[in-house]
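Structure at a glance
The residues making up each chain are set out below.
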Amino acid sequence: MIPPMDAAEAPVVLAAHGISKSFGANTVLTDMELTVRKGETVCLLGPSGSGKSTFLRCLNWLEEPDAGSVLLKGQRIGVRASGNIVMSDGELAAIRTRIGMVFQHFALWPHLTVLQNVMEAPIHVQRRDKAEVRREAEALLERVGIADKAGQYPARLSGGQKQRVGIARALAMKPDLLLFDEPTSALDPELVGEVLAVMKDLAREGMTMVVVTHEMAFARDVASRVVFLDRGRIVESGSPEEFFTRPKTDRAKQFLLRYSAQ
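A brief look at the structure comes next. Everything numeric here is computed off the predicted structure, so don't read it as measured data. (Residues numbered from 1 in each chain as written. Predicted model: local features only at pLDDT ≥ 70, side-chain atom pairs only at ≥ 80, totals over all residues. Heavy atoms only, no water.)

1. A closer look at the sheet that holds strand β1 (residues 12–23)
The four strands are arranged β2-β1-β4-β5 in an open sheet whose pairing can be described as antiparallel. Of all the strands in the sheet, just β2 (26–37) and β5 (75–77) have a single pairing partner and so form its edges. Each adjacent strand pair in this sheet contributes to an overall mean axis angle of 25°, direction not counted. (Pairing = 2+ DSSP bridges. Helix = DSSP H or I, 4+ residues; strand = E, 2+ residues; numbered from the N terminus. Axes fitted to C-alpha atoms, helices over the stretch in contact; angles between N-to-C directions.)

2. Thoughts on unusual backbone geometry
Phi angles above zero are rare outside glycine, and phenylalanine 106 is one such case at about 75°. Following the sequence through the fold, phenylalanine 106 ends up in the loop between β6 (99–102) and α3 (114–124). One non-glycine residue, lysine 174, lies in positive phi territory at about 55°. On the secondary structure map, lysine 174 appears in the loop between α5 (159–171) and β7 (177–181). Using a relative accessible area of 52% as the deciding quantity, one classes lysine 174 as exposed. (Buried < 20%, exposed > 50% of the residue type's maximum accessible area, 1.4 Å probe, protein only.)

3. Description of empty space enclosed by the protein
Summed over all chains, the structure comprises one cavity of 30 Å³ or more. Its boundaries defined by the atoms lining it, the largest cavity holds a volume of some 30 Å³. Taken together, Val118, Met119, Pro122, Val133, Glu136, Ala137, Leu140 and Ala172 form the lining of the largest cavity. Here the lining of the largest cavity is composed, by residue class, of seven nonpolar, no polar and one charged. (1 Å grid on protein atoms, 1.4 Å probe; cavity = no way out; pocket = protein on both sides within 12 Å on 5 of 7 lines; lining within 4 Å. Points joined across faces, edges and corners; volume = space filled by probe spheres on them. Nonpolar A, V, L, I, M, F, W, Y, C, P; charged D, E, K, R; others polar.)

4. Section: the pairing of strand β10 (residues 233–238)
Both strand β9 (residues 225–230) and β10 contribute to a ladder of five bridges, which runs antiparallel. Looking at the pairing, valine 227 lines up with serine 237 of β10. Hairpin connection, β9 to β10: the antiparallel pair is bridged by two residues, and arginine 231 has positive phi, about 55°.

5. A few points about the packing of α3 against α5
One can describe the packing of α3 onto α5 by two numbers: an axis separation of 8 Å at closest approach and a directional angle of 25°. As summarised for this structure, α3 and α5 are arranged roughly parallel, according to the angle between their axes. For the pair α3 and α5, the sense of crossing is right-handed. In this structure, α3 contributes Val114, Asn117 and Val118 to the contact, and α5 contributes Val165, Ala168 and Arg169. Class assignment of the residues belonging to the contact of α3 with α5 gives a composition of four nonpolar, one polar and one charged. (Parallel < 35°, antiparallel > 145°, perpendicular 65-115°, else oblique. Left-handed = near helix turned anticlockwise from the far one by under 90°. Contact = heavy atoms within 4.5 Å.)

6. Some details on the sheet that holds β10
Spatially, six strands are ordered β6-β7-β8-β3-β9-β10 in an open sheet, and the strand pairing comes out mixed. Bordering the open sheet on either side are β6 and β10, each of which pairs with just one other strand. On average, adjacent strands in this sheet sit at an angle of 20° to one another, irrespective of strand direction. Bridge count between strand β3 (residues 41–45) and strand β8 (residues 209–212): four bridges; the pairing is parallel. What sits directly across from cysteine 43, in β8, is valine 211. Together, β6 and β7 form the strand contacts of α5, whose direction differs from that of β6 by roughly 170°.

7. Focus: the pattern of salt bridges
This model, assessed by the stated rule, comprises 13 salt bridges. Where lysine 21 meets aspartate 66, a salt bridge forms, and the shortest distance between an N and an O atom there is 3.9 Å. Here lysine 21 is found in strand β1, whereas its partner aspartate 66 is found in the loop between α1 (52–59) and β4 (67–72), with 45 residues between them in sequence. One salt bridge in this structure joins aspartate 230 and arginine 251, with 3.1 Å as the shortest N-O distance. Note that aspartate 230 is positioned in strand β9 and arginine 251 in helix α9 (residues 250–260), a separation of 21 residues in sequence. (Salt bridge = Lys/Arg side-chain N within 4 Å of Asp/Glu carboxyl O.)

8. So, the environment of aspartate 176
With respect to the helices and strands, the residue aspartate 176 is situated in the loop between α5 and β7. In this structure, the C-alpha to C-alpha distance between aspartate 176 and glycine 39, residues 137 residues apart in sequence, is 9.9 Å. Not counting chain neighbours up to four residues away, the residues in contact with aspartate 176 comprise Val13, Leu72, Lys73, Arg98, Met207 and Thr208. Looking at aspartate 176, its side chain comes within polar contact range of the side chain of lysine 73, at 3.2 Å. (Polar contact = N/O pair within 3.5 Å; in protein donor to acceptor, adjacent residues only side chain to side chain.)

Rendered as structure tokens:
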């Protein structure tokens, strides 16, 4: 476990209250609550279909919840014409620039080089100086270990390299919060470690992160807090030591037994 510095006293970066979501008759999330403080790495665990990815996407309004609210450093996120949240598309886009997202399937722009992928949003969304952005992008590629791939196109990269580009691209926006949606699940097993190593470094450096993952060893070693979901509800929340050695519910015990048997 890599504990955040003075976690209990750290300012709240993200607060989600009462998040519920249904797709037709299928209820995916029910009254979800989550508070994330600066420097925390919160890992969302649970069986497939438990609502982890949907909840993550609700945190930056890529998925619009049916009820509830999300605040980033006290500023409410969301746009819903028929509900009690009012935010223009422009305001929503602006606040999303403060929340980096790393996707399961990379979502890189195939027609841009690695360096251009990292530079694109800071230049065209944040309107920052191109020379400055380039310097920072090159430093980020060095940071994630793929500076030598700056001129390559995504099609020529391995899955692990693509995901490290995705992390560098998210960091280029200097976000308050990073969201990871199962960042290693699309990778061959031998490539998982290189992505997890970058994420561990970010945790050590105090980056605030919410991570949906099936990597139990990563959650146990790196998370400051584990949140366990089942059937669209939060069943347990606590330190990795508590969750992995003293789970409180039968459902969590069953989940851990299944993974320990793999």
